[in-house]
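Structural characterization, general
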Amino acid sequence: MTTRTDRQSPTLHASDSHDLIRVHGARVNNLKDVSVEIPKRRLTVFTGVSGSGKSSLVFSTIAAESQRMINETYSTFVQGFMPTLARPEVDVLEGLTTAITVDQQRMGADPRSTVGTATDANAMLRILFSRLGKPHIGPPSAYSFNTASVRASGGITVERGAAKTRTVKATFNRTGGMCTRCEGRGSVSDIDLTQLYDDSKSLAEGAFTIPGWKSDSQWTVQVYAQSGFVDPDKPIRAYTKKELQAFLYGEPVKVKVNGVNLTYEGLIPKIQKSFLSKDKEAMQPHIRAFVERAVTFTTCPECDGTRLSEGARSSKIGRISIADACAMEIRNLAEWVRGLDEPSVAPLLTALQQTLDSFEEIGLGYLSLDRPAGTLSGGEAQRVKMVRHLGSSLTDITYVFDEPTIGLHPHDIQRMNNLLLRLRDKGNTVLVVEHKPETIAIADHIVDLGPGAGSEGGTVCFEGTVEGLRAGDTVTGRHFDDRATLKESVRKPTGALEIRGASAHNLRDVDVDIPLGVLTVVTGVAGSGKSSLVHGSVPAGENVVSVDQSPIKGSRRSNPATYTGLLDPIRKAFAKANGVKPALFSANSEGACPTCNGAGVIFTDLGMMAGTSTTCEDCEGKRFDSSVLEYHLGGRDISEVLAMSVAEAEEFFGAGEARTPAAHRVLGHLADVGLGYLRLGQPLTTLSGGERQRLKLATHMTEKGGVYVLDEPTAGLHLADVRQLLGLLDRLVDSGKSVIVVEHHQAVMAHADWIIDLGPGAGHDGGRIVFEGTPADLVADGSTLTGEHLAAYVDA
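Since we're looking at a predicted model, the values are computed, not measured.

Scanning all chains against the criterion turns up 31 salt bridges. Salt-bridge contacts for Arg491 lead to Asp730; the nearest nitrogen and oxygen are separated by 3.0 Å. Of this pair, Arg491 sits in the loop between helix 17 (475–479) and strand 18 (495–502) while Asp730 sits in helix 25 (residues 719–734), and the two are 239 residues apart along the sequence. It is possible to trace a salt-bridge network through shared partners that takes in Lys487, Arg491, Asp730, Asp734 and Asp753.

Read from one edge to the other, the open sheet built from three strands follows the order 2-1-4, with strand pairing classed as antiparallel. In the strand order of this sheet, the two ends are held by strand 2 (34–39) and strand 4 (90–94), each with one partner. Strand-to-strand twist in this sheet, taken as the mean axis angle between neighbours without regard to direction, amounts to 5 degrees. By the bridge criterion, five bridges tie strand 1 (residues 20–26) to strand 2 in an arrangement that is antiparallel. Within strand 2, the residue paired with Ile21 across the bridge is Ile38.

What follows is about the sheet that holds strand 21 (residues 544–547). The strand order 21-24-25-20-26-27 describes an open sheet built from six strands, whose pairing is mixed. Edge positions in the sheet fall to strand 21 and strand 27 (768–773), since each of these pairs with one other strand and no more. Adjacent strand axes in the sheet meet at a mean angle of 15 degrees when their direction is disregarded. Judged from the five bridges that link them, strand 26 (residues 754–759) and strand 27 form a sheet pairing that is antiparallel. The residue of strand 27 that forms the bridge with Ile756 is Glu772. Running over the sheet, helix 25 touches strand 20 (519–523), strand 24 (707–711) and strand 25 (738–742) and is turned about 145 degrees from strand 25.

This paragraph deals with a nonpolar patch on the surface. Nonpolar side chains collect at one region of the surface, where Tyr74, Phe77, Val78 and Phe81 lie side by side and expose about 470 Å² of accessible area between them. Residue position: Phe77 is located in helix 2 (residues 76–79). Of the residues examined, Phe77 reaches a relative accessible area of 61% and is grouped as exposed.

One can describe the packing of helix 4 (residues 121–132) onto helix 12 (residues 346–361) by two numbers: an axis separation of 10 Å at closest approach and a directional angle of 150 degrees. Between helix 4 and helix 12, the interaxial angle falls into the category roughly antiparallel. Relative to helix 12, the crossing made by helix 4 is left-handed. Across the interface between the two elements, Ala121, Met124, Leu125, Ile127 and Leu128 of helix 4 pack against Leu348, Leu349, Ala351, Leu352 and Thr355 of helix 12. Across the contact of helix 4 with helix 12, the residue classes break down as nine nonpolar, one polar and no charged.

Our focus in this paragraph is unusual backbone geometry. Cis geometry is found at the peptide bond from Lys134 to Pro135, where omega equals -5 degrees. With respect to the helices and strands, Pro135 occurs in the loop between helix 4 and strand 6 (150–159). That bond from Gly759 to Pro760 is cis: its omega, 5 degrees, falls within 30 degrees of zero. For Pro760, the location among the structural elements is in the loop between strand 26 and strand 27. Although it is not a glycine, Glu183 adopts a positive phi angle of roughly 55 degrees. Inspection of the secondary structure assignment puts Glu183 in the loop between strand 7 (165–174) and strand 8 (187–191). A positive phi angle, close to 45 degrees, is found at Glu403, a residue other than glycine. For Glu403, the position within the fold is in the loop between strand 14 (398–402) and helix 14 (410–425).

This brings us to the packing of aromatic side chains. As enumerated under the stated definition, the model contains 13 aromatic pairs in all. Residues Phe585 and Tyr631 carry aromatic rings whose centres are separated by 6.0 Å and whose planes lie at 70 degrees to one another, so their mutual orientation is edge-to-face. Of this pair, Phe585 sits in the loop between helix 20 (567–578) and strand 22 (601–606) while Tyr631 is found in the loop between strand 23 (609–615) and helix 21 (638–642), placing the two residues 46 residues apart along the sequence. On the basis of relative accessible area, Tyr631 is assigned to the partly exposed category, the value being 26%. Among the aromatic residues, those joined into a ring-pair cluster are Tyr197, Phe208, Tyr224, Phe229, Tyr239, Phe247 and Tyr264. The residue whose ring lies beneath Arg307 is Phe145, and the NZ or CZ to ring-centre distance is 5.2 Å.

Summarising the element assignment, Asn30 is placed in the loop between strand 1 and strand 2. Contact partners of Asn30, with chain neighbours within four places excluded, come to Gly51, Ser52, Gly53, Ser56, Gly454, Gly457 and Gly458.

Conventions adopted
- Residues numbered from 1 in each chain as written.
- Predicted model: local features only at pLDDT ≥ 70, side-chain atom pairs only at ≥ 80, totals over all residues.
- Heavy atoms only, no water.
- Salt bridge = Lys/Arg side-chain N within 4 Å of Asp/Glu carboxyl O.
- Helix = DSSP H or I, 4+ residues; strand = E, 2+ residues; numbered from the N terminus.
- Pairing = 2+ DSSP bridges.
- Axes fitted to C-alpha atoms, helices over the stretch in contact; angles between N-to-C directions.
- Contact = heavy atoms within 4.5 Å.
- Patch = residues over 30% accessible without salt bridge, like charges linked within 9 Å, V, L, I, M, F, W, Y side chains within 5 Å.
- Areas by Shrake-Rupley, 256 points an atom, 1.4 Å probe, with all protein chains shown as cover.
- Buried < 20%, exposed > 50% of the residue type's maximum accessible area, 1.4 Å probe, protein only.
- Parallel < 35°, antiparallel > 145°, perpendicular 65-115°, else oblique.
- Left-handed = near helix turned anticlockwise from the far one by under 90°.
- Nonpolar A, V, L, I, M, F, W, Y, C, P; charged D, E, K, R; others polar.
- Phe/Tyr/Trp six-rings, centres within 6.5 Å; stacked < 30°, edge-to-face > 60°.
- Lys NZ or Arg CZ within 6 Å of the ring centre and 35° of its normal.

Functional significance is not addressed by these values, which are geometric in nature.
Below you can see the structure in the form of structure tokens.
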């Protein structure tokens with residue numbers, strides 16, 4: 001036997017020359033002919049101020065084109081069932097691999113969606129109980145709270161051969177695990193009738209107290225008054241049982257009102273369709289206040305909030321039902337599954353064990369599978385999406401992450417960094433949009449965009465290593481080693497907000513006094529109970545303004561001017577200056593271009609191919625009818641005003657003929673939160689996550705609240721912008737407001753007047769106050785995880 005000693009010469013194989021993702025001439029959103037080369041099988045971090053174009057390059061260009069090209073590999077028949085994607089505006093994209101996007105989009109807030117249903121964990125648990133549960137109640141669907149039990153029987157027609165038909169008796173039976181009372185939601189809604197009407201009055205006397213329902217002219221009210229089902233002149237409390245049933249719960253039926261055919265239905269289903277089916281965030285403030293006043297949600301008394309039928313709850317493995325399993329913390333559930341020894345389901349147990357261990361690995365062991373998906377923070381939602389990828393055998397994939405450290409305590413960031421490096425070391429390309437120095441520091445390659453935001457950004461300022469970034473003269477490089485210092489003196493409280501016996505979620509009868517008139521920061525590891533304490537226990541009222549991380553609702557017609565209410569005083573100023581109606585200056589109303597209906601573009605649907613949009617030729621993208629553009633204010637028409645940046649508009653409406661104090665005030669708030677570069681008419685759909693959150697903050701600054709509650713306002717903020725945020729928080733406090741901030745960023749902690757630290761751990765290991773005091777005291781104490789990291793930060 002001979003041993004072969006000759007080797008092939010180390011010449012480069014043709015396939016090894018494709019080690020770069022090449023982007024040339026990218027012009028998506030604010031990108032200005034960007035060209036970059038990104039190394040494959042490396043960790044590349046994209047940095048830059050908020051709005052500099054990071055997401056446009058990574059998500060809207062690279063990831064979007066990868067997804068579009070994958071979709072094109074399917075047949076046209078299959079593509080007809082898939083979302084249509086347009087090709088990004090870019091000259092050349094080479095070297096793409098399959099992209100998996102793990103973004104911060106909140107999981108669907110559908111009441112039936114939970115952590116378990118959003119991953120594979122619930123499906124595997126249902127199979128497990130259908131095999132091992134005693135007593136046996138049926139297939140996996142019998143343990144699903146999304147599946148109702150159905151029984152049916154009757155005759156079906158069977159066709160055989162030419163014109164030969166016969167009727168066959170058939171039965172259908174499906175066992176589901178849905179609780180029949182709450183229909184798998186876990187809670188039941190109860191409408192307070194006293195908030196809907198005054199029963200001492202008749203309909204003719206204006207009994208309805210629902211916002212917008214007026215007796216004299218409202219068609220909705222007239223439908224009830226002239227339906228014939230009730231006497232409009234009789235007080236509601238005097239209705240007979242039959243009249244009250246028809247009034248509250250009547251089935252939809254056509255009735256004639258003043259010669260017009262309209263639909264009549266009971267008041268309760270009418271309210272449910274008109275108000276309860278809409279997202280509360282999208283409602284006007286007075287409508288939202290009415291809904292919160294009139295509707296209460298209570299735990300379902302039949303299933304005790306488990307969402308499951310009695311049969312599903314009665315079937316157990318040992319002493320544990322599927323409801324008990326889903327209510328456990330995932331780390332405890334993993335231990336229970338590990339203790340099951342049943343060879344017949346060994347592969348299932350192994351797969352379930354791996355999934356549950358992945359939760360613990362990414363720091364989410366404190367969650368439970370029955371946790372509603374809509375209650376997860378953006379960071380938690382992103383990490384839940386990571387679960388399915390951690391054990392994957394796929395390699396040469398491009399993973400795209402959007403600020404994976406959001407919502408993470410400094411203690412947890414290292415764990416996230418290790419996961420990113422693990423994905424890279426399996427031979428994958430990892431692209432991360434990030435602001436945190438701790439994650440930027442582990443990058444193999446850095447792409448820094450800027451130099452500014454919006455129209456002042458969209459170019460590549462730096463490409464290279466971390467050392468090169470530190471030495472470079474870019475905004476990110478200059479601020480990379482920024483460290484906040486502890487305040488020499490802190491403000492004195494003017495009072496206290498008392499919380500007693502707080503027990504929401506994992507809180508353990510917490511008693512705490514939150515000082516008023518100062519900047520208070522509530523901190524602790526992820527899952528320690530911060531949001532439960534602040535959002536679940538701080539008494540809501542007219543004096544409290546809460547700015548959380550829920551997304552802004554809006555269509556492509558929505559923009560900063562419409563969202564903030566800025567457009568109202570602008571329209572009135574134009575109308576007053578020209579002696580016409582304000583509605584003319586709305587692209588969604590009378591002033592809209594008739595050709596494009598005020599959209600500025602013409603959308604063409606091409607079926608299973610991506611639709612196209614072309615600039616409207618009549619209005620040239622200005623959205624308004626030509627006659628409207630003849631009216632001017634301060635020498636500008638309405639389309640020119642909407643094309644202004646916030647900074648330009650603030651100067652324009654601050655003096656001269658166009659001086660409009662109401663508009664100037666709103667523009668001042670937008671500038672205060674660092675959005676001076678945004679165009680007034682820029683669609684909300686083009687804003688980054690950080691921009692949308694600061695837009696919400698600017699909107700709420702116009703409200704007359706005494707206590708501001710902010711949930712991680714540094715999310716999506718560049719290192720350079722954090723300093724501006726701290727200045728804004730100081731101005732709020734100095735103006736007499738009390739500011740409570742849930743935050744992990746050490747710069748905000750160091751700037752606080754008072755810190756409340758929860759912990760010591762997450763889930764059942766948290767829920768307690770482990771420190772109260774000034775930042776200096778926390779650093780000196782050094783007994784908590786937060787204290788250790790804050791001390792290391794200020795000493796660095």
